[in-house]
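Residues per chain, in single letters:
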Amino acid sequence: MMKKYIASLKELKQSFSYKALFDASIGAFVFALIVMAPVFIVLIQLLVVFMYKVRTFTILLIVAALFFNIIYHRLFKQVLIKKNGETKAIVDQVTNPVMLVTTFVLLVLGLVILFVMIPIWLV
Amino acid sequence: MNELAHTYRHAIKYLFIPYLILLFLLVYPIEYYVQSPGGLSEVEDLIEVDYNLDKNIEGSISTTFVMGIPRPTIFMFLAGYFNRYADLMVLPTNYQTYSNEEISQISYQDKYISVNAAIIVAYEAISETNPEIIIDYQAKTMVFGKANYLEHYADIAFGDEFVSFKGDNDVIVTEVSAIGGVATTSGPYEFTFKNTEGTEYTLSISKNAESGVFGITFKNYYLVDSETTFPHYRLTDSNIGGPSGGLLQTLSIYNMLSEEDITHGLKVAGTGTINYDGSIGYIGGVKQKIITAYENNVDVFFIPYLGDVSYDNYLEAVNVCEAYGIEHESWLIPVASFQDALDYLERLGD
């Protein structure tokens, strides 16, 4: 599985320069942030005003972080595919595992904040 | 980036102004104060006493905190408007000249004084039956308020200790109450303070021409000498300020020192400042604290009851319970002193 992934990655590198990948990554991040930043700020401000529902809003923030991750990866793929429509399958093979891993990491971080950090902060 | 900007150019064009308006609502602060329910904070997480370490405390003792939001954004203000438990008010006069950071500092100083008072009252109470317990403390005076016209405003920090004052004819006084008698002109006079790192510094300060005062508010308190006090204790840094946890902090420390578990397995919470004689003082944010306690299903909630006056906390709490359809007979307990709360918990064990 790992070999297949590395082969896809090499193939992707042949289709796109590092500069193109970096540009797509930055563009996707900025656009995902433009969309999700107000959502994060709204949720944080609601959390402060409705602090007695802190866990509910923390869960919503975790969901928002996962959405951010999905939006980022979809935009990233969109830019790459638009530049070279034939590589959609390769782009999917490379970005989907990364998206799954980052989703998992964000989920774990969110659960740590929910069950470990919040009880410590609320001393 | 350019591809995305091109793809979404129509969305960017039409949503740009609404987006800016939304950001404005989310960041622009207004001169109001929002107070809403907060949560419970277990005192054990704040103070750890090296005594009875093998004792099993079955219940819990928690302070109740509310969210006080000075200068909320317009969005937070609107959210508070739709929160049926929140109170919206114009920023209190005594906060208007302070930044939000300074308001937090004042709140933490309040809590610092409260925790020291709680340690003193709890240790003294338990030392009556256990001579092994030793409490030692000293009187201190700290900077608790600064007028906006105060000279060297930025150099004097909240919580700095007042050390001495050099008055007329170079007379040095170490009591704040004596300053008036030796400062008959507009100055300048020399104040000596000690900051929280223990470094002393001296500043020349004149009285303000308009008000005729220096512009510093001091507060007297007792600071526990942790070296000579037994048993030793540790305080954990806290994100929650204010003095209203005093009663519950005292109960929890007492419980850590006593042989018996006064919680009897119950979830005990409450509110009320603690005075050095063990009496309890009034608090603010009664509505929000009652709602917080109710949301957290506490078994016992102590609240100050100092008399049948309209502003009494207990009477206000009863009114809140009735207004929100909350049954209060079984868990809302009025107390006037630390001893009242202790007696109530001891009766539960009988």
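Criteria and cut-off values
- The residue numbers shown here count from 1 along each chain, following its written sequence.
- A letter from A marks each chain and a number from 1 marks each ligand, given out in the order of writing.
- Note on the predicted model: pLDDT of at least 70 is required for a residue's local features to be given, and 80 or more for side-chain atom pairs to be given and counted; whole-chain, interface and lining totals, by contrast, use all residues.
- Helix numbering and strand numbering both begin at the N terminus, where a helix is a DSSP run of H or I of at least 4 residues and a strand a DSSP run of E of at least 2.
- With C-beta atoms placed from the backbone, a residue counts as buried when 20 or more other C-beta atoms lie within 10 Å of its own, as exposed when 12 or fewer do, and as partly exposed for counts between those limits.
- Contact between two residues is assigned when their C-beta atoms, built from the backbone, lie within 7 Å.
- Any two strands with at least two DSSP-identified bridges between them are counted as paired.
- Only C-alpha atoms enter the line fits that serve as axes; for helices the fit covers just the stretch in contact. Angles between N-to-C directions range over 0 to 180 degrees.
- The reported bend at a residue is simply the angle between two axes, fitted to the 7 residues ending at it and to the 7 residues beginning with it.
- Where each domain begins and ends follows an automated or database-derived domain assignment.
- For every residue, the predictor assigns a confidence score, pLDDT, that lies between 0 and 100.
- In the scheme used here, Gly and all other residues not listed as nonpolar or charged are polar, with Ala, Val, Leu, Ile, Met, Phe, Trp, Tyr, Cys and Pro taken as nonpolar and Asp, Glu, Lys and Arg as charged.
- Each nonpolar core reported here comprises buried Ala, Val, Leu, Ile, Met, Phe, Trp, Tyr and Cys residues connected via C-beta atoms within 7 Å.

Just checking my understanding: could you explain the overall build of chain B for this structure?
Of the regular secondary structure elements, chain B holds 9 helices and 16 strands. When burial is assessed residue by residue, chain B has 37% of its 350 residues classed as buried. In chain B, once contacts between residues fewer than 6 apart in sequence are set aside, the share between residues at least 24 apart is 74%.

Explain the pairing of strand E6 (residues 161–166) of chain B here, please?
Successive side chains on a regular strand alternate, one facing one side of the sheet and the next facing the other. Residue and element names in this part refer to chain B. Bridging between E6 and strand E8 (residues 189–194) involves 5 bridges; their strand directions are antiparallel. Within the sheet, the bridge partner assigned to Glu161 lies in E8 and is Lys194. Sheet topology note: the E6/strand E7 (residues 172–173) ladder contains 2 bridges and is antiparallel. The residue of E7 that forms the bridge with Phe165 is Val173. Linking two consecutive strands that pair antiparallel, namely E6 and E7, is a turn of 5 residues; a positive phi of about 55° is found at Asn169 within it.

What's the story with the sheet that holds strand E15 (residues 300–304) of chain B in this structure? I'm lost.
Within a sheet, adjacent strands bond to each other through the backbone by hydrogen bonds, running parallel or antiparallel. All names here are of chain B. Read from one edge to the other, the open sheet built from 6 strands follows the order E4-E1-E3-E12-E15-E16, with strand pairing classed as mixed. Edge positions in the open sheet fall to strand E4 (87–90) and strand E16 (332–335), since each of these has one partner strand only. Pairwise comparison of adjacent strand axes, ignoring direction, gives a mean angle of 30° for this sheet. As paired strands, strand E3 (residues 60–70) and strand E12 (residues 267–270) are joined by 4 bridges and run parallel to one another. Among the inter-strand pairings, Ser62 is bridged to a residue of E12, identified as Ala269.

Sorry, what's going on with helix H4 (residues 88–121) of chain A here?
Residues three or four positions apart in an α-helix share a direction because the helix packs 3.6 residues into each turn. Along its length, H4 of chain A reaches its greatest deviation from straightness, about 40°, at Ile113 of chain A. Of all the positions in H4 of chain A, only Ile90, Val91 and Val94 of chain A are classed as buried.

What's the story with the environment of Ile41 of chain A in this structure? I'm lost.
Turning to its location among the elements, Ile41 of chain A is positioned in helix H2 (residues 18–49). Separated by 20 residues in sequence, Ile41 of chain A and Leu61 of chain A have C-alpha atoms that sit 9.7 Å apart.

Is there a simple way to explain the domain arrangement of chain B in this structure?
Interface extent is often summarised as the accessible area lost during association of the parts. Split into domains, chain B comes out as domain 1 (29–95 + 114–132 + 231–349) and domain 2 (140–221). The straight-line distance from the C-alpha centre of domain 1 of chain B to that of domain 2 of chain B is 33 Å.

Quick question: what am I supposed to make of the environment of Val143 of chain B here?
Residue and element names in this part refer to chain B. Of note, Val143 is situated in strand E5 (residues 137–146). In this structure Val143 comes out as buried when scored by C-beta crowding, with 21 C-beta atoms within 10 Å. Expressed as a C-alpha distance, the spacing of Val143 and Ile106, which sit 37 residues apart in the sequence, is 9.5 Å. Leave out the neighbours within four places in its chain, and Val143 touches Ile156, Ala157, Phe158, Gly159, Asp160, Phe162, Phe193, Ile216 and Phe218.

Looking at this structure, how should I read the confidence of the model for chain A?
Segments scoring low in pLDDT should not have their predicted coordinates read at a detailed level. Summary statistics for chain A give a mean pLDDT of 85 and a share of 93% for residues scoring 70 or more. The element-level mean pLDDT for chain A is lowest in helix H1 (residues 2–15) of chain A, coming to 77, with H2 of chain A highest at 91.

Any chance you could explain the interface of chain A and chain B here in plain terms?
Every contact between the two is made by 22 residues of chain A and, on the other side, 29 residues of chain B. If you list the elements that add at least two residues to the side of chain A that touches chain B, you get H2 and helix H3 (54–83) of chain A. Considering each element in turn, the side of chain A that touches chain B owes the most residues, 12 residues, to H2 of chain A. Along the lines of polarity and charge, the residues of the side of chain A that touches chain B split into 18 nonpolar, 2 polar and 2 charged.

I would appreciate a short explanation of the nonpolar core in the present structure.
Among the nonpolar cores identified, the biggest contains 85 residues, and Val49 of chain A together with Ala122, Ile253 and Phe301 of chain B are the most heavily contacted of them. Tallying contributions element by element places helix H4 (residues 100–127) of chain B first for this core, with 13 residues. Here this core gathers at least three residues from each of two domains, domain 1 (29–95 + 114–132 + 231–349) and domain 2 (140–221) of chain B. Ignoring anything within four residues of it in the chain, the contact list for Ile253 of chain B reads Ile47, Val49, Ala118, Ile119 and Ala122 of chain B. Counting residues in hydrophobic clusters, the runner-up holds 14 residues, among them Phe31, Ala32, Leu75 and Phe76 of chain A.

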